[in-house]
Amino acid sequence: MRENKSLVMPAQAGIQLSTQMLRFFLLILALFLLFLTSTFAYATPQDLYPFSSPADAQRFQAFIKTTRCVVCQNQTLAESNAPLAKDLRDKIYTLIKDQQSDADITAFLTQRYGTFIFMRPPVNYATLALWLAPLLIFFLTIAFLVL
Amino acid sequence: MKKANFTLMPFIILATLLGFLAYELFHAKPQALPSALIGQSLPNFRLPSLLEPGKNFSAAELQGRVSLLNIWATWCSACRIEHETLIIINQRDHVPLFSIDYKDNPEDAKLWLKNLGNPYEKIGEDTQGDLGIDLGIYGTPETFIIDKQGKIRYRHVGALDENTWQEVLLPLVRQYERE
Amino acid sequence: MISTLGNITLVCALLFAVLQSSLPLSGTWRKNVYALAVARPCAWGQFFAILCAYLLLTLAFYTNDFSLTYVAANSHPALPWFYRLTALWGAHEGSILLWILFLNAWTVYFSHRQKNLASLPLILAIVGCVSVCFLLFLIFTSNPFLAAPYPLQGQDLNPLLQDPGFIIHPPMLYAGYVGFVIPFAITQAALLQKKLDASWAMLTRQWTLAAWCFLTLGITLGSWWAYRVLGWGGFWFWDPVENASLLPWLMGTALLHSLVLFEKHAGSVRWSALLTIITFAFSLLGTFLVRSGILVSAHTFANDPARGIFLLLLLAIVATLALVNYVYPRHATLGMDPAVKPRDDSLGARDDSLIGLWGNTLLLFTAAMTVLIGTLYPLIAETLKLGAISVGAPYFNLVMTPILFLLLILMGFAPYRDLHHRKLWFSLLRKIVVCLLGGIFLPWFFSGTIDFLTSLLLALSFWVLINLPIAMRQIPAMTIAHLGFVILILGITLSSAFSEEREVRIQPQENTRLGPYVFHFLGTDEIQGENYKSIRAHFLVKKNQRIITDLTPEKRFYLVRDMIMTKVDIHPGIFRDLYIALGEPLDKTAWSVRLYYKPFIRWVWSGGVLMTLGGLLALWQRRQKSL
């Protein structure tokens, strides 16, 4: 194999250094995760979209981050400054506050804008090729190489 | 034989990819979204009628004949350009025109129509934009063809120009009228 | 005047390019030494001509010469001078000029470093052909020296581009993209001469590494820039244009590993050669996709089908010729350097690192093809009348994750040559257990939640880290690059799992909290920039009563382009960023404001930089060796 004789000496120091670095990293990581125990409030009066439960707040975030803004089509509702995006954010907020389930809200949006409005492609016959692509490619490439 | 097939494979893949991309260059309309409501009934709305204070404009009024539903606003410059075409459509081709004033100030809208003319039979005020969302609009102006049963049959996004009207929408309107 | 001069330099460059490509080819054919010798001077001539063109255009921008349409469309007298100079690559025509400049820069650097290479003229000829195509493209469809028919007003540079990130990201990115032409040309020349041997592999590997370093840095900088400018704390969006730059990177990394593989296993020769073609083809494809107008993106240049067809034709010709060249000598013996003994073909026979290398190159190839299909799928679906399907970040994240898992597992095994010893497996098992425990308990212990995905990614990252010291002993450069990759993954995992955000409505003199941080809104004022007007908000950030920093996000209004831009403010830190963006004015004095707490996000870019450093170290070591 490759001989790195010329690098043995600095490499010795390298091993020690990198082992120490590793320990240091892990220590800092652990220490820092300590700071993550602080509480993050979900419903203070200032929230632009106040919710009564963290679960609802998370659902809202999940929706606006995975729904496409149909005007600026490469941004999510969370990111877009388009007026329609704001309307849709408000609409989703209202629907969540009205106790609509995720399925209801999904149906609401799909009915009006089609499945295109979601960033995640649906799983159906049309998208079969898309979802299976990685597996197919992997095995086809192996086949190509072996044969 | 197997080897030959595999030899050809990269070329086939390449040719398919390039052919597809070349086709897309001239045919892709990346921003265009087909309406999800084609074939469904118009959402059941009831909005204040713009030029008739105290009265409403509801979905039921579009039943019985083939008509156009136009979504517009005074703050939309393309709507202004489209307006003349709409007047011609109404007068020359005698197609009933209804419209929704989307997220607009009713006073501005009345002034606008007074200055530019009013081709619409009825105009609904959708100041909050709720009907707009229910119709799945994403850019004004948009024009829907509504058939006799009140079903949405076609959507055109963007300013309606004479050519598109003559070549695409008018034939569809006539076809639906014959149904 | 600049217009005429510029056009002259372009034509000169084209002439040199034509000579550079045709003469050495005929020289090789007819064994004419003089024709071969012409290659290097032509390359230098072309470089100087294009450099002059570039400098002329830069001068035009600096002096606000609006007699050139391109300058008028992208600049304005009020634009600060450093943006005026870099606005050159702000739109299509200038960016193609930059492309060609880098093509020539790589060519002359290669020509200088490899002056004694026998196949140099042939390689230069091949690069020359590519150059000819691009110069024709530039001159006939995208000429930045077009004179305006009448004096024009400056349209100013797109405000999103008026950021320091814009000054370095495109040059690095283009240097990387374009750099893959060198390994491509080296391989094509080797195929023509039927000499795919160890010296070919060594040469290709060096120059692939060089291009790869630039591309890694370029993509990293692009992500950092997007984070700063776009206003919502994201750093990667799986946007089609971003994917277009990722494709050559993924393929290039697969190529690197397969070239390493070649040292140990001769069977990867044809695969490596194929990868050089595909990597460069992806560079060209990326160049096409960004300018074609067929993809929806925030980043695309203005579109024009005529230009698109030209680029597509370029890609077709280059790829087809390259593939024919690759496929043709099917049964010819590939010259093998007797000093390189190929190992047994059966995997795992003697060198178990083969599994890792093969696995890696296959996985990265799969990843690249998946990204390509995902990016193009909406178009495919529409053409096949399958409806409007949108493929966004959730798809890519979901699909790339298993590939990432496998890559991390293999990466951990990298330093082990022989996996047949029981003792080794005992120590490995111990390590695996430690990693799994760390991945599960660390986040649970400190933040109370276990998330399967986060824990698994953490465990796998620890797995790589724990094996790094052993790898360091053997191959420091690889270790540093892998360390960089792990830091990148840690940054992505931790910032996704533990970031917090709030969108609040706030009045001046009010304060709001995000975790332990208190943000005092002091008020706003109006300021006038060189080419914009802005409302600037002042926030004082405190933690535990101690002042940490003050932040000044802005809402800028760029007068000439009539565009509003949100300028965020960030308090960076090694372990967390605080990020604040102004939303909309809500009534007379209240504003909606977005606050983000982003832990470990700097690790994302630090990881990228570390990967680049690893690559540079590898290059430097090679240079030391060859001295």
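Residues numbered from 1 in each chain as written. Chains lettered and ligands numbered in written order. Predicted model: local features only at pLDDT ≥ 70, side-chain atom pairs only at ≥ 80, totals over all residues. Heavy atoms only, no water.

Asker: Mind showing me how you'd approach the overall build of chain A here?
Answerer: Within chain A, the regular secondary structure consists of 5 helices and 0 strands. What you see in chain A, going N to C, is helices and strands ordered as α-α-α-α-α. In chain A, which comprises 147 residues, the proportion classed as buried is 43%. A fraction of 44% describes how many contacts in chain A between residues 6 or more apart in sequence connect residues 24 or more apart. (Helix = DSSP H or I, 4+ residues; strand = E, 2+ residues; numbered from the N terminus. Buried < 20%, exposed > 50% of the residue type's maximum accessible area, 1.4 Å probe, protein only. Contact = heavy atoms within 4.5 Å.)

Asker: Can you help me understand the interface of chain B and chain A in this one?
Answerer: Interface size, as often reported, equals the accessible area lost upon joining of the parts. The interface is formed by 17 residues belonging to chain B together with 17 residues belonging to chain A. Carbon and sulfur atoms make up 58% of the area that chain B and chain A hide from each other, which totals about 1600 Å². With a shortest N-O distance of 3.3 Å, Asp130(B) and Lys91(A) are connected by a salt bridge. At the surface where chain B touches chain A, the tally comes to 4 residue pairs in polar contact (both at pLDDT 80 or more). Elements with a minimum of two residues in the side of chain B that touches chain A: helix 1 (2-27) and helix 4 (130-134) of chain B. (Buried area = accessible area lost by both parts, 1.4 Å probe. Salt bridge = Lys/Arg side-chain N within 4 Å of Asp/Glu carboxyl O. Polar contact = N/O pair within 3.5 Å; in protein donor to acceptor, adjacent residues only side chain to side chain.)

Asker: So what exactly am I meant to see when it comes to the confidence of the model for chain B here?
Answerer: Segments scoring low in pLDDT should not have their predicted coordinates read at a detailed level. Residues and elements named next belong to chain B. On average, residues of chain B score 88 in pLDDT, and 96% of them reach the 70 mark or higher. Across chain B, element-level confidence peaks in strand 6 (residues 142-146) with a mean pLDDT of 93 and bottoms out in helix 1 with 80. Across the predicted assembly, pTM comes out at 0.90 and ipTM at 0.84. (pLDDT = per-residue confidence, 0-100.)

Asker: Even after reading the chapter, I still don't get the packing of aromatic side chains, so can you show me in this structure?
Answerer: Any pair of aromatic rings gets described here by the distance separating the centres and the angle formed by the planes. Within the structure shown, the criterion is met by 44 aromatic pairs over all chains. Ring centres 5.2 Å apart and planes at 70° place the aromatic pair Phe413(C) and Trp463(C) in the edge-to-face group. With a gap of 50 residues between them, Phe413(C) in the loop between helix 15 (393-412) and helix 16 (422-447) and Trp463(C) in helix 17 (residues 452-474) connect regions that are remote in the sequence. No difference in accessibility class separates Phe413(C) from Trp463(C), as the two residues are buried. The rings of Trp131(A), Trp236(C), Trp238(C), Tyr395(C) and Phe396(C) are connected pair by pair, giving a single aromatic cluster. Its end group placed over the ring of Phe108(A), Arg112(A) keeps NZ or CZ at 3.7 Å from the ring centre. Seen from the ring of Tyr532(C), Arg556(C) lies directly overhead, with NZ or CZ sitting 4.0 Å from the centre. (Phe/Tyr/Trp six-rings, centres within 6.5 Å; stacked < 30°, edge-to-face > 60°. Lys NZ or Arg CZ within 6 Å of the ring centre and 35° of its normal.)

Asker: Honestly, the packing of helix 3 (residues 39-62) of chain C against helix 7 (residues 120-141) of chain C in this entry has me stumped. Any pointers?
Answerer: Any two packed helices are characterised by the angle at which their axes cross and by the distance between the axes. All names here are of chain C. Two elements in contact, helix 3 and helix 7, have axes whose closest approach is 9 Å; the angle formed by their N-to-C orientations is 30°. As far as their axial angle goes, helix 7 and helix 3 are roughly parallel. Classified by chirality, the crossing of helix 7 by helix 3 is left-handed. The residues of helix 7 that touch helix 3, namely those facing Ala-39, Arg-40, Ala-43, Gln-46 and Ile-50, are Leu-120, Pro-121, Leu-124, Ser-131 and Leu-135. (Axes fitted to C-alpha atoms, helices over the stretch in contact; angles between N-to-C directions. Parallel < 35°, antiparallel > 145°, perpendicular 65-115°, else oblique. Left-handed = near helix turned anticlockwise from the far one by under 90°.)

Asker: I keep staring at the packing of helix 14 (residues 353-383) of chain C against helix 15 of chain C and nothing clicks. Help me out?
Answerer: All names here are of chain C. Taken N-terminus to C-terminus, the directions of helix 14 and helix 15 make an angle of 170°; their axes are 10 Å apart at the nearest point. The angle between helix 14 and helix 15 places the two elements in the roughly antiparallel class. In this structure, helix 14 contributes Gly-356, Gly-359, Asn-360, Leu-363, Leu-364, Thr-366, Ala-367, Thr-370, Val-371, Gly-374 and Thr-375 to the contact, and helix 15 contributes Tyr-395, Phe-396, Val-399, Met-400, Ile-403, Leu-406, Leu-407 and Leu-410. Looking at side-chain class alone, the contact of helix 14 with helix 15 contains 12 nonpolar, 7 polar and no charged residues. (Nonpolar A, V, L, I, M, F, W, Y, C, P; charged D, E, K, R; others polar.)

Asker: Could you clarify how one ought to interpret the pattern of salt bridges in this entry?
Answerer: Within the structure shown, the criterion is met by 25 salt bridges over all chains. Ionic contacts of the salt-bridge type, sharing partners, join the residues Asp56(A), Arg59(A) and Asp102(A) into one network.

Asker: Could you clarify how one ought to interpret the side chain of Asn143(C) in this entry?
Answerer: Residues and elements named next belong to chain C. Mapped onto the elements, Asn-143 comes out in the loop between helix 7 and helix 8 (164-179). One polar contact links the side chain of Asn-143 to the main-chain amide nitrogen of Phe-145, over a distance of 2.8 Å. When sequence neighbours within four positions are dropped, the list of residues in contact with Asn-143 reads Asn-7, Leu-10, Glu-93 and Leu-138.

Asker: Please clarify how helix 18 (residues 476-498) of chain C should be interpreted in this entry.
Answerer: In an α-helix there are 3.6 residues to a turn, and that puts residues three or four apart on one side. Over its 23 residues, helix 18 of chain C extends 32 Å from the first C-alpha to the last, a length consistent with the 33 Å expected when each residue adds 1.5 Å. Counting buried positions over the 23 residues of helix 18 of chain C gives 18, a clear majority of the element. (Expected span 1.5 Å × (residues − 1).)

Asker: Any chance you could explain the sheet that holds strand 10 (residues 591-599) of chain C here in plain terms?
Answerer: Residues and elements named next belong to chain C. With antiparallel pairing, 4 strands are arranged side by side in an open sheet as 1-10-9-8. Each edge of the open sheet carries a strand with a single partner, namely strand 1 (500-506) and strand 8 (569-571). Between one strand axis and the next, the sheet turns through 20° on average, direction left out of account. In this structure, strand 1 lies alongside strand 10, joined through 7 bridges in antiparallel fashion. Its bridge partner lying in strand 10, Ile-506 is registered against Trp-591. (Pairing = 2+ DSSP bridges.)

Asker: What exactly am I supposed to notice about the layout of surface pockets here?
Answerer: A water-sized probe rolled over the atoms picks out the places where empty space is left. Size it by volume and the second largest pocket reaches roughly 1100 Å³. If you trace the second largest pocket, you find 31 residues lining it, with Ile13(B), Leu14(B), Met369(C), Leu372(C) and Ile373(C) closest to the centre. Elements with a minimum of two residues in the lining of the second largest pocket: helix 5 (128-146) of chain A, helix 1 of chain B together with helix 12 (269-292), helix 13 (305-327) and helix 14 of chain C. (1 Å grid on protein atoms, 1.4 Å probe; cavity = no way out; pocket = protein on both sides within 12 Å on 5 of 7 lines; lining within 4 Å. Points joined across faces, edges and corners; volume = space filled by probe spheres on them.)

Asker: Would you take a moment to explain the confidence of the model for chain A for this structure?
Answerer: All names here are of chain A. For chain A, the mean per-residue pLDDT works out to 78, and 69% of the residues sit at or above 70. The model gives residues 1-8 a pLDDT under 50, and that stretch makes 11 contacts with residues more than four places away or in other chains. Counting interchain partners and residues more than four positions distant, the pLDDT-below-50 stretch residues 37-43 has 16 contacts.

Asker: Explanation requested: the sheet that holds strand 5 (residues 122-126) of chain B in the structure shown.
Answerer: Within a sheet, neighbouring strands are paired by backbone hydrogen bonds and run either parallel or antiparallel to one another. All names here are of chain B. Here we have 5 strands laid out as an open sheet, ordered 5-4-3-6-7, and mixed in their pairing. In this open sheet, the two edge strands, each paired with only one partner strand, are strand 5 and strand 7 (152-157). Sheet twist, expressed as the average angle between the axes of neighbouring strands with direction ignored, equals 20°. Strands in contact with helix 2 (residues 77-93) are strand 3 (67-72), strand 4 (97-102) and strand 6; relative to strand 3, the strand with the most contacts, it is inclined by about 160°.

Asker: How should I be thinking about the side chain of Thr375(C) in this particular structure?
Answerer: All names here are of chain C. You can see Thr-375 is positioned in helix 14. For Thr-375, a relative accessible area of 8% gives the class buried. A polar side-chain atom of Thr-375 sits 3.0 Å from a polar atom in the side chain of Asn-243. There is a polar contact of 2.6 Å between the side chain of Thr-375 and the backbone oxygen of Val-371. Apart from residues lying up to four places away in sequence, Thr-375 is in contact with Pro-240, Asn-243, Leu-295 and Phe-396.

Asker: What am I meant to see in the state of the cysteines here?
Answerer: Note on terminology: a disulfide is the covalent bond linking the sulfur atoms of two cysteines. Across all of its chains, the model carries 1 disulfide over all chains by this definition. For Cys76(B), the disulfide goes to Cys79(B), at an S-S distance of 2.3 Å. On the S-S bond that ties Cys76(B) to Cys79(B), the torsion sits near 90°, and the link is right-handed. Cys79(B) gets classed as buried once you look at its relative accessible area, which sits at 2%. Cys12(C) forms no disulfide, and the closest cysteine sulfur to it belongs to Cys52(C), at a distance of 8.7 Å. (Disulfide = S-S within 2.5 Å.)

Asker: Looking at this structure, I do not really get the environment of Ser22(C). What am I missing?
Answerer: Residues and elements named next belong to chain C. Looking at the secondary structure, you find Ser-22 in helix 1 (residues 2-30). Sequence separation between Ser-22 and Arg-113 is 91 residues, and the spatial gap between their C-alpha atoms is 22 Å. In terms of polar contacts, Ser-22 uses its side chain to reach the backbone carbonyl oxygen of Val-18, at 2.7 Å.

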